[in-house]
Amino acid sequence: MADAAHYIKGTKLTSLSGVKPVGATAKRLVDIALASFGIVLLCPLLLFCFAACLLSSPGPALFGHRRIGFQGKYFRCFKFRTMVINGEQVLREYLAAHPEANAEWEATRKLRFDPRVTAIGSVLRKTSLDELPQLFNVLRGEMSIVGPRPVTEDELARYSTSVGSYLACRPGITGLWQVSGRSGTTYRKRVAYDTYYARHWSMVLDVKIMIATIPALLDSDNAY
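This report concerns the structure included in the present document. From a predicted model like this one, the values you see are computed outputs, not experimental measurements. (Residues numbered from 1 in each chain as written. Predicted model: local features only at pLDDT ≥ 70, side-chain atom pairs only at ≥ 80, totals over all residues. Heavy atoms only, no water.)

**So, the pairing of strand E1 (residues 62-68)**
Then, in step 1: For E1 and strand E2 (residues 74-80), the ladder comprises seven bridges, and the chain directions are antiparallel. The partner of Phe 63 across the bridge, within E2, is Lys 79.
Then, in step 2: Between E1 and E2, which pair antiparallel in sequence order, lie five residues; one of them, Gln 71, sits at a positive phi of approximately 65°. (Pairing = 2+ DSSP bridges. Helix = DSSP H or I, 4+ residues; strand = E, 2+ residues; numbered from the N terminus.)

**Focus on helix H4 (residues 99-108)**
Then, in step 1: Every buried residue of H4 is listed here: Ala 101, Trp 105 and Thr 108. Axial view of H4: buried residues confined to an arc of 90°, hence all on one face. Structural note: H4 exposes Pro 99 and Glu 100 on the side pointing more than 90 degrees away from its buried face.
Then, in step 2: Structurally, H4 contributes buried residues whose contacts are with helix H3 (87-97) and helix H9 (187-199).
Then, in step 3: Positive phi shows up at Arg 109, right after H4, with a value of about 60°. (Buried < 20%, exposed > 50% of the residue type's maximum accessible area, 1.4 Å probe, protein only. Arc of directions from axis to C-beta. Contact = heavy atoms within 4.5 Å.)

**Points about helix H5 (residues 119-127)**
Then, in step 1: Regarding H5, the residues found buried are Gly 121, Leu 124 and Arg 125. Summarising the axial view, the buried residues of H5 lie within an arc of 100°, below the 170-degree limit, and thus occupy one face.
Then, in step 2: Residues of H5 that are buried in the fold lie against helix H2 (43-56) and E2.
Then, in step 3: Between the side-chain oxygen of the N-cap and the backbone nitrogen of Gly 121 there are 2.9 Å, and the N-cap of H5 in question is Thr 118.
Then, in step 4: Downstream of H5 by one or two residues, Ser 128 has phi in the positive range, about 65°. (Polar contact = N/O pair within 3.5 Å; in protein donor to acceptor, adjacent residues only side chain to side chain.)

**A look at the packing of aromatic side chains**
Where two aromatic rings form a pair, the distance of their centres and the angle of their planes describe that pair.
Then, in step 1: Evaluated as defined, the whole model comprises two aromatic pairs.
Then, in step 2: A ring pair is formed by Tyr 159 and Tyr 166, whose centres lie 5.4 Å apart and whose planes are at 55°; its orientation type is tilted.
Then, in step 3: Here Tyr 166 falls in the buried class, since its relative accessible area comes to 1%.
Then, in step 4: Pairing Tyr 159 with Tyr 187 gives two aromatic rings, centres 6.4 Å apart and planes at 90°, and the pair type is edge-to-face. Here the residue Tyr 159 occupies a position in the loop between helix H7 (153-156) and helix H8 (163-167), and Tyr 187 occupies one in helix H9, the gap between them amounting to 28 residues. For the pair Tyr 159 and Tyr 187, one class covers both residues: buried.
Then, in step 5: Three or more aromatic residues joined by ring pairs make a cluster, and in this case those are Tyr 159, Tyr 166 and Tyr 187.
Then, in step 6: A cation sits over an aromatic face here: Arg 158 above Tyr 187, 4.9 Å from the ring centre. (Phe/Tyr/Trp six-rings, centres within 6.5 Å; stacked < 30°, edge-to-face > 60°. Lys NZ or Arg CZ within 6 Å of the ring centre and 35° of its normal.)

**A look at a nonpolar patch on the surface**
Then, in step 1: On the surface, a cluster of nonpolar side chains totalling about 370 Å² of accessible area is made up of Val 30, Leu 34, Met 203, Val 207 and Ile 211.
Then, in step 2: Mapped onto the nonpolar patch, the elements with two or more residues apiece are helix H1 (24-41) and helix H10 (203-218).
Then, in step 3: Topologically, Met 203 is positioned in helix H10. (Patch = residues over 30% accessible without salt bridge, like charges linked within 9 Å, V, L, I, M, F, W, Y side chains within 5 Å. Areas by Shrake-Rupley, 256 points an atom, 1.4 Å probe, with all protein chains shown as cover. Salt bridge = Lys/Arg side-chain N within 4 Å of Asp/Glu carboxyl O.)

**What to know about the nonpolar core**
Then, in step 1: The biggest cluster of nonpolar side chains holds 18 residues, and the ones touching the most others in it are Leu 135, Val 138, Met 143, Ile 145, Ile 173, Tyr 197 and Ile 209.
Then, in step 2: Among the elements of the structure, H1, E2, helix H6 (134-139), strand E3 (144-146), H9 and H10 are those that each provide at least two residues to this core.
Then, in step 3: Counting residues in hydrophobic clusters, the runner-up holds nine residues, among them Tyr 159, Tyr 166, Tyr 187 and Val 191. (Core = buried A, V, L, I, M, F, W, Y, C linked by side-chain atoms within 4.5 Å.)

Keep in mind that these numbers describe shape and distance, not what the molecule does.
Structure (structure tokens):
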């Protein structure tokens, strides 16, 4: 694997040819089966969330944010829209006016009280329902049910020498970070979790993470 210098902002990401994702074919078959089953089972909930986002605030119901996946390839990570449509401007102005929030953002890339989040968006985030559209990312082969949290190009620079571990995996809807404190953990720990997962993957580990995801979802205090 190439080091982080090849994947920081301003440098074109290149595929790492000849490398299979962590878990390879076995993990992919499980992903397809679980994502297909989930979409069928949760179809009414998906439609309800879609309508709620569409009717509660101006803007589209779905949002696709550019993230980096396996082998450094870009993809659009689908979510139900939880923010106002001028979110970037709102965030810039808020961070400029609130130094303590700016420090929180620099440390975790998240805010406990995010001014961009809509009323329905706050509910979707606390319950993680905003991430249900990522089941379609799984079917498309861009994500996995379990794996590192999908990151932006700016965030990937934080992985430093661990960047190869991240790029060896398909990003996941859930993962070690999500079941180990979620937004309550530091970014440094998040990188450590992703690195551990990539280096110690097994089907048993995936099952353990999926089981642990259920109580983690109920811990809404660390979801924002």
